[in-house]
Every structure is written in C-alpha cells, then in structure tokens.
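Listed below, chain by chain, are the residues.
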Amino acid sequence: MANKCSAQTAIIMAYRFVEEVIPPALTYRFLASFVTMWEVKIYKGSRMLFSNLLVVEIDKNHDVAVEVEGKRVIVFLIHTENVEHIVPTLGSAIQECLTAAIHRISEFYSLLSGHEDANVKQVIPFEIDFGVVCKSWFSSSICFFPHKDMATAGRFKCQNGKSHEVKHLSIWFAEKVSSEKCEDTCPGLERVALEQCPLNQHIRRLVAEIDPYKCRNIIVHLGVTINTWENLEYQFQHQNPDDLKFMAVLKWKEENKDASFSKLQEALEECDLNRHILCQVLRDIDPEMHKEYLDKYSSKIREKTPSISVLRCIANHIGESSLQLGIELGLDIVEIQHIQCQFKDKLLDQNREILRRWKQNKNISKPTVENLVKTLCRIGKKKMFRWSSFLSYISYNNKIRVNVVWLVIFLIIVRAQKRFLSIGFSSTPVGYYAYLRNQNNRKGYA
Ligand SMILES: [Zn+2]
Ligand SMILES: [Zn+2]
Ligand SMILES: [Zn+2]
C-alpha cells in the first residue's frame with residue numbers, strides 16, 4: 001500500500017495494539033464494520049477486498065484504505081489528486097468514526113477474553129500513530145510516530161534521518177464540522193483531539209470565550225503562578241484583554257511538554273466551565289452562516305488572493321486586535337511581537353504589516369479570500385462585511401478587468417473592420433467607381 005500511496009495523495013494514521021496477541025477476529029471485525037459504512041472500491045474491475053486490505057470509496061474524490069500489518073491497523077485517506085484538496089472536515093469525521101469503531105470492538109473482545117468484572121468496561125489497549133511515506137532510492141515504507149508528538153513546527157525527523165512535513169496530518173482531528181453549538185448528545189472531544197497539544201489558534205479561540213477572572217483561575221489550575229499572571233497583566237495592560245489571557249495560557253503550553261487538550265479540559269471542569277467550549281475551538285467555521293453580511297461570497301471569489309488594496313481596507317477595521325489577527329492567520333508569535341514593537345502605538349500599521357506578511361508567506365495558510373473571511377469571522381469582525389464593501393470591491397475589481405478585456409477585443413474588431421473596409425474601398429473597382437459616381441453626383445448638384 002505504501003508503494004501505491006505517495007505523500008502527495010494520502011494522509012496516514014494507525015491503531016497500534018499494545019498487547020502481544022491481538023485476536024485476529026478483532027481486525028476482521030473492524031474491516032467488516034467498514035464495509036457496512038461505505039461501498040467497497042472497484043478498481044480495474046475487481047473489488048478491493050482482501051484478507052488484510054480493504055479499500056472503500058467515500059465519494060468521487062476520496063478513498064479510504066485499511067491495511068492490517070502485524071500489530072498495526074493502518075488507515076490511508078487518499079485524494080485522487082492531492083492531499084491539499086482533502087476536505088478537512090471529512091478527515092476529522094472519518095477518524096472519529098474509525099476510532100469509535102475500533103474502541104467498541106476492542107471493548108467487545110476484551111469482554112470475551114474474560115476480564116474480571118463485566119461491568120467495568122475494559123478495552124484491549126491501543127495507541128494511535130500518525131504516519132508518513134518515507135521514500136528512498138529502492139523502496140518506500142511508512143514512518144510512524146505517536147500522534148501526540150506531532151511537532152507544532154510541522155516537521156518530524158524519522159529514524160532514517162529524514163525530516164518529514166507533517167502539517168497535513170492535522171486533517172485527522174483539527175476541523176470538526178461547523179455548527180453554532182454542540183448537540184445534546186455531544187460527548188465532548190474525542191480521543192485523538194484530547195491527546196493533542198493545542199495550537200496557538202486553539203488557545204486564542206478558547207480564551208476569547210472565557211472572562212479574565214475565570215481565565216486567571218484556569219491558569220492557576222494549570223500550574224502557572226499568580227506572579228506570572230500579574231507580570232503579564234502589567235505588560236499587556238494597554239492591549240486587547242484577550243491578549244493577556246492568550247499569553248498566560250501560551251506560557252503554560254511553552255513550559256509543559258505534556259500540554260494537551262485533556263489538561264485544558266480538566267482545568268475547565270475544575271473551574272465550573274463547560275468543556276464543550278473546546279469542541280467549538282476545533283470546529284471549522286462556515287461563513288455561509290453569516291449570509292446577511294456576505295451576499296457576494298461565491299465560490300469563485302473564495303479562491304482568489306486578496307489584493308494589497310483590499311488588505312489595506314480591511315486593516316482599517318481590525319483596531320486593537322492585531323495580535324488576535326496575527327495568531328489566527330498563523331503567524332509566529334515572535335514575528336507578531338516584533339511587528340508590534342516595530343510599529344509601536346501605530347495599530348493601523350501593525351495590522352497592515354500582519355496582513356501583508358500573511359499574503360507574502362505562502363507557508364502559513366493559503367492567502368485566499370476564504371481563509372481571510374474565516375479569520376475575520378473568528379476574531380469577531382464579521383460585522384465589517386456589512387460596512388466595508390470589501391467583497392463587492394473584490395468582485396468589482398474582477399468586473400472591471402473583464403470589461404477592460406471586452407473593450408480591448410471590441411477595439412481590435414473595430415479597427416480590423418475599418419481596415420477591411422478601407423481596403424475594400426480602395427482596391428475594388430466597383431467601390432472605386434461608386435465613389436466616383438457619388439463625387440460626380442455631388443458635383444452635379446453643386
Ligand atoms: Zn522517514
Ligand atoms: Zn461538545
Ligand atoms: Zn474598509
């Protein structure tokens with residue numbers, strides 16, 4: 001399977017069983033549960049269903065392959081063209097489905113193998129790994145690492161000494177389907193998300209939902225000292241109150257190697273806060289929900305890169321949220337703080353510079369209108385769409401361009417016709433005589 005998949009088309013994860021012996025029936029049952037969920041893929045006339053490999057078709061562009069190899073059950077999410085096009089909410093949903101299924105099945109086999117108390121639900125223990133295709137001259141294999149170790153820097157160094165790009169693997173957990181709030185049946189974050197270390201964006205979204213007093217309690221529960229909080233309070237007294245809260249939780253993340261969503265969840269619960277705040281933190285945002293502000297938000301516009309003049313217009317509306325904007329766009333904290341120093345007390349310049357760097361640096365997040373609109377919604381600036389006509393500005397720019405093209409074509413046609421007419425006029429005798437006759441007639445009347 002590793003030979004067929006390349007790093008360009010697939011993201012990989014695996015369930016690794018800890019015990020020496022896994023009941024073989026367990027893995028078959030897992031494969032069987034797949035077939036009930038999705039259609040088996042037909043490839044060149046044959047069904048992709050074998051004793052240790054199964055491929056199902058999720059939709060026109062996405063397939064999932066499952067391969068059993070020793071103590072690992074390996075899952076590939078494959079896009080027909082490129083991982084970049086994998087729908088992120090689909091990746092998260094598939095992972096949740098599969099992890100829940102394998103959890104249930106291993107619970108069932110744990111009961112069968114006669115663990116002491118049937119009332120205490122036990123699970124045949126398994127760990128979750130992420131994988132990357134590792135290609136060398138002669139072979140290609142998969143390098144696995146515990147998913148918790150997913151470096152926030154986006155790279156992983158494997159035992160073959162290669163440095164793998166792992167940014168795309170966050171598709172497995174980071175974008176839950178967008179929704180205003182959790183369903184009553186929502187169990188909270190699932191296992192993979194809980195074991196992950198929150199990104200800066202996640203911390204920003206979390207603290208935005210918590211008032212400063214409660215946030216102070218939370219960071220004390222997380223083990224950051226009151227002293228640190230008060231120092232930060234002094235340092236950030238003139239900034240957006242969300243900045244202080246963010247920096248305090250960031251401090252915790254930077255000082256603790258085992259920082260994770262589950263630690264945050266514990267702290268929230270100890271402070272009587274709803275843990276479903278964390279569900280929202282990991283949700284995709286759907287600007288379509290704010291249709292009233294975004295009447296011109298078509299799929300054609302979404303993929304465009306906003307021009308510098310559009311970004312300058314947007315910068316006018318950001319105000320004191322420059323740190324918030326920078327974090328959400330994916331800029332490095334050090335870089336944002338450097339910009340804040342460079343343009344001290346000049347908020348407009350800070351915001352312009354942050355937007356400019358985002359547009360320039362293709363590594364952070366794709367500089368598209370879609371990502372920009374999502375960011376503005378997330379930092380609470382969706383109302384600006386109503387006042388600033390920035391979307392109509394973008395489509396207006398397009399229309400002008402289209403009109404210019406038509407104008408040029410029109411002029412070319414007109415000129416060509418003129419030339420054609422004048423050629424016809426001077427070279428054909430008929431035209432020439434007609435001309436002369438006209439001249440004569442006119443003379444006659446004169
Ligand atoms: Zn490798
Ligand atoms: Zn929830
Ligand atoms: Zn404006």
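That block above? That's the structure.
The shown structure was predicted, so the numbers you read here are calculated from the model rather than taken from an experiment. (Residues numbered from 1 in each chain as written. Chains lettered and ligands numbered in written order. Predicted model: local features only at pLDDT ≥ 70, side-chain atom pairs only at ≥ 80, totals over all residues. Heavy atoms only, no water.)

## Describing the pairing of strand β5 (residues 53-57)
Next up, step 1: Counting buried positions along β5 gives 4 out of 5 residues, so the element sits mostly inside the fold.
Next up, step 2: Alignment of strand β2 (residues 39-40) against β5, held across 2 bridges, turns out to be antiparallel. For V40, the partnering residue across the bridge sits in β5 and is V56.
Next up, step 3: Here 5 bridges tie β5 to strand β6 (residues 62-69), and the two strands are oriented antiparallel to one another. Its bridge partner being in β6, L53 is matched across the sheet by E67.
Next up, step 4: With antiparallel pairing between neighbouring strands as the criterion, β5 and β6 make up a hairpin whose turn holds 4 residues. (Buried < 20%, exposed > 50% of the residue type's maximum accessible area, 1.4 Å probe, protein only. Helix = DSSP H or I, 4+ residues; strand = E, 2+ residues; numbered from the N terminus. Pairing = 2+ DSSP bridges.)

## Some thoughts on helix α8 (residues 261-270)
Next up, step 1: Buried within α8 we find F261, L264, Q265, A267 and L268. Buried residues of α8, viewed axially, fall in a sector of 165°; they line one side.
Next up, step 2: Those residues of α8 that are buried are in contact with α3 (191-195), α4 (200-208), α5 (212-221), α7 (241-255) and α9 (277-281).
Next up, step 3: Phi turns positive one or two residues past the end of α8, at D272, with a value near 55°. (Arc of directions from axis to C-beta. Contact = heavy atoms within 4.5 Å.)

## Topic: the packing of helix α11 (residues 308-315) against helix α14 (residues 347-360)
Each packed pair of helices is defined by two parameters, the angle between the axes and the distance between the axes.
Next up, step 1: The contact between α11 and α14 brings their axes to 9 Å, and the two run at 145°. α11 and α14 meet at a crossing whose hand is right-handed. Here I308, L311, R312, I314 and A315 of α11 come into contact with α14, specifically with L348, N351, R352, L355, R356, W358 and K359.
Next up, step 2: Taken together, the residues of the contact of α11 with α14 sort by class into 7 nonpolar, 1 polar and 4 charged. (Axes fitted to C-alpha atoms, helices over the stretch in contact; angles between N-to-C directions. Left-handed = near helix turned anticlockwise from the far one by under 90°. Nonpolar A, V, L, I, M, F, W, Y, C, P; charged D, E, K, R; others polar.)

## Focus: the coordination of the zinc ion (ligand 3)
Next up, step 1: Only C313 (SG) and H317 (NE2) from the protein coordinate the zinc ion (ligand 3), and they sit 2.5 Å from it.
Next up, step 2: Residue C313 is classed as partly exposed on the basis of its relative accessible area of 23%.
Next up, step 3: The exposure class assigned to H317 is partly exposed, which follows from its relative accessible area of 26%. (Donors = N, O, S within 2.8 Å, 3.2 Å for Na, K, Ca; no water.)

## Observations regarding the coordination of the zinc ion (ligand 1)
Next up, step 1: Protein coordination of the zinc ion (ligand 1) is provided by C134 (SG), C143 (SG), C158 (SG) and H164 (NE2), with donor distances spanning 2.1 to 2.3 Å.
Next up, step 2: Donor residues binding the zinc ion (ligand 1) come from one chain and are separated in sequence as C-x8-C-x14-C-x5-H. Comparing C158 with H164, the two get one shared label, buried.

## A closer look at the pattern of salt bridges
A side chain of one charge can pair with a side chain of the opposite charge if their charged atoms are brought near each other.
Next up, step 1: By the definition in use, this model includes 22 salt bridges.
Next up, step 2: Across the pair D258 and K263 runs a salt bridge, and its minimum N-O distance is 3.0 Å.
Next up, step 3: Classification of D258 as partly exposed rests on a relative accessible area of 46%.
Next up, step 4: When its relative accessible area of 30% is taken as the criterion, K263 is described as partly exposed.
Next up, step 5: Overlapping salt bridges bring together E127, K148, R191 and E195 as one network. (Salt bridge = Lys/Arg side-chain N within 4 Å of Asp/Glu carboxyl O.)

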